[in-house]
Amino acid sequence: QVQLVESGGGLVQAGGSLRLSCAASGRTFGTYHMGWFRQAPGKEREFAAAITWFGGNTVYADSVKGRFTISRDNAKKTVYLQMNSLKPEDTAVYYCAAGIRVTGAQFMIRPVSYDYWGQGTQVTVSS
């Protein structure tokens, strides 16, 4: 089992920045990609960003590309999501996820490609 704990969410004004962290623990060996998804009230869960554990290849949703940056620290077993130029539309619960299967970008954007999920952290962007 892999445990994921998100942190770093909060309230920020439009144009501001936040950095989310996702700390992994447990049997993390064999994890090949990490992703961030978000879900606003009444909306479906949507992909934001993903990264491969080895190699650090990244993929972003069009809605966040150029504003968000995903990165990882293998030694700390932590993945980060740096969010800049935040907009009210970014308001959502952000979830970290880990996948144990080797995959490509077309699969990394799909929730079904992930095996473990964190509890989520709230991000609220005010206008």
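Residues numbered from 1 in each chain as written. Predicted model: local features only at pLDDT ≥ 70, side-chain atom pairs only at ≥ 80, totals over all residues. Heavy atoms only, no water.

1. Examining empty space enclosed by the protein
Per the counting criterion, the structure on display carries one cavity of 30 Å³ or more. Here the largest cavity is characterised by a volume of approximately 30 Å³. Around the largest cavity sit Val2, Ala24, Thr28, Thr31, Met34, Trp53 and Ala98, which together line it. A per-class count over the lining of the largest cavity returns five nonpolar, two polar and no charged. (1 Å grid on protein atoms, 1.4 Å probe; cavity = no way out; pocket = protein on both sides within 12 Å on 5 of 7 lines; lining within 4 Å. Points joined across faces, edges and corners; volume = space filled by probe spheres on them. Nonpolar A, V, L, I, M, F, W, Y, C, P; charged D, E, K, R; others polar.)

2. Topic: the packing of aromatic side chains
Overall, the coordinates contain five aromatic pairs when judged by the stated rule. When the ring of phenylalanine 37 is compared with that of phenylalanine 47, the centres are 5.6 Å apart and the planes differ by 70°; the resulting orientation is edge-to-face. Highlighted residues: phenylalanine 37 in strand 4 (residues 33–39) and phenylalanine 47 in strand 5 (residues 46–52), separated in sequence by 10 residues. Each of the two residues, phenylalanine 37 as well as phenylalanine 47, counts as buried. By the ring-pair criterion, three or more aromatic residues cluster together here, those being Phe37, Phe47, Tyr114 and Trp117. In this structure, arginine 45 packs its charged tip against the face of tryptophan 117, placed 4.5 Å from the ring centre. (Phe/Tyr/Trp six-rings, centres within 6.5 Å; stacked < 30°, edge-to-face > 60°. Helix = DSSP H or I, 4+ residues; strand = E, 2+ residues; numbered from the N terminus. Buried < 20%, exposed > 50% of the residue type's maximum accessible area, 1.4 Å probe, protein only. Lys NZ or Arg CZ within 6 Å of the ring centre and 35° of its normal.)

3. Considering the side chain of glutamate 6
Structurally, glutamate 6 can be placed in strand 1 (residues 2–7). The buried charged residue glutamate 6 lacks any salt bridge partner; its closest oppositely charged side chain belongs to arginine 45, at an N-O distance of 9.8 Å. At 2.7 Å, the side chain of glutamate 6 and the backbone nitrogen of cysteine 96 are in polar contact. Once you skip the residues sitting within four places of it in the chain, glutamate 6 turns out to touch Ser21, Cys22, Trp36, Tyr94, Tyr95, Cys96, Gly118, Gln119, Gly120 and Thr121. (Lys, Arg positive; Asp, Glu negative; His and termini not counted. Salt bridge = Lys/Arg side-chain N within 4 Å of Asp/Glu carboxyl O. Polar contact = N/O pair within 3.5 Å; in protein donor to acceptor, adjacent residues only side chain to side chain. Contact = heavy atoms within 4.5 Å.)

4. Thoughts on the pairing of strand 9 (residues 92–99)
Taking burial as the measure, the eight residues of strand 9 include seven buried ones, the bulk of the element. Bridge count between strand 4 and strand 9: seven bridges; the pairing is antiparallel. Across the sheet, the residue bridging to glycine 35 is alanine 97, located in strand 9. (Pairing = 2+ DSSP bridges.)

5. Let's talk about the environment of methionine 34
Among the secondary structure elements, methionine 34 is positioned in strand 4. Along the backbone, methionine 34 and proline 88 are 54 residues apart, and their C-alpha atoms lie at a distance of 25 Å. Residues contacting methionine 34, with those up to four places away along its chain left out, are Leu4, Cys22, Ala49, Ala50, Ile51, Trp53, Ile70, Val79, Cys96, Ala97, Ala98 and Tyr114.

6. Thoughts on the environment of isoleucine 51
When you line up the elements, isoleucine 51 lands in strand 5. Classification of isoleucine 51 as buried rests on a relative accessible area of 3%. When the C-alpha atoms of isoleucine 51 and glutamine 3 are compared, they prove to be 18 Å apart, with 48 residues separating the residues in sequence. Apart from the residues lying within four places of it in its own chain, the contact partners of isoleucine 51 are Tyr32, His33, Met34, Gly56, Asn57, Thr58, Ile70, Ser71, Arg72, Val79 and Met108.

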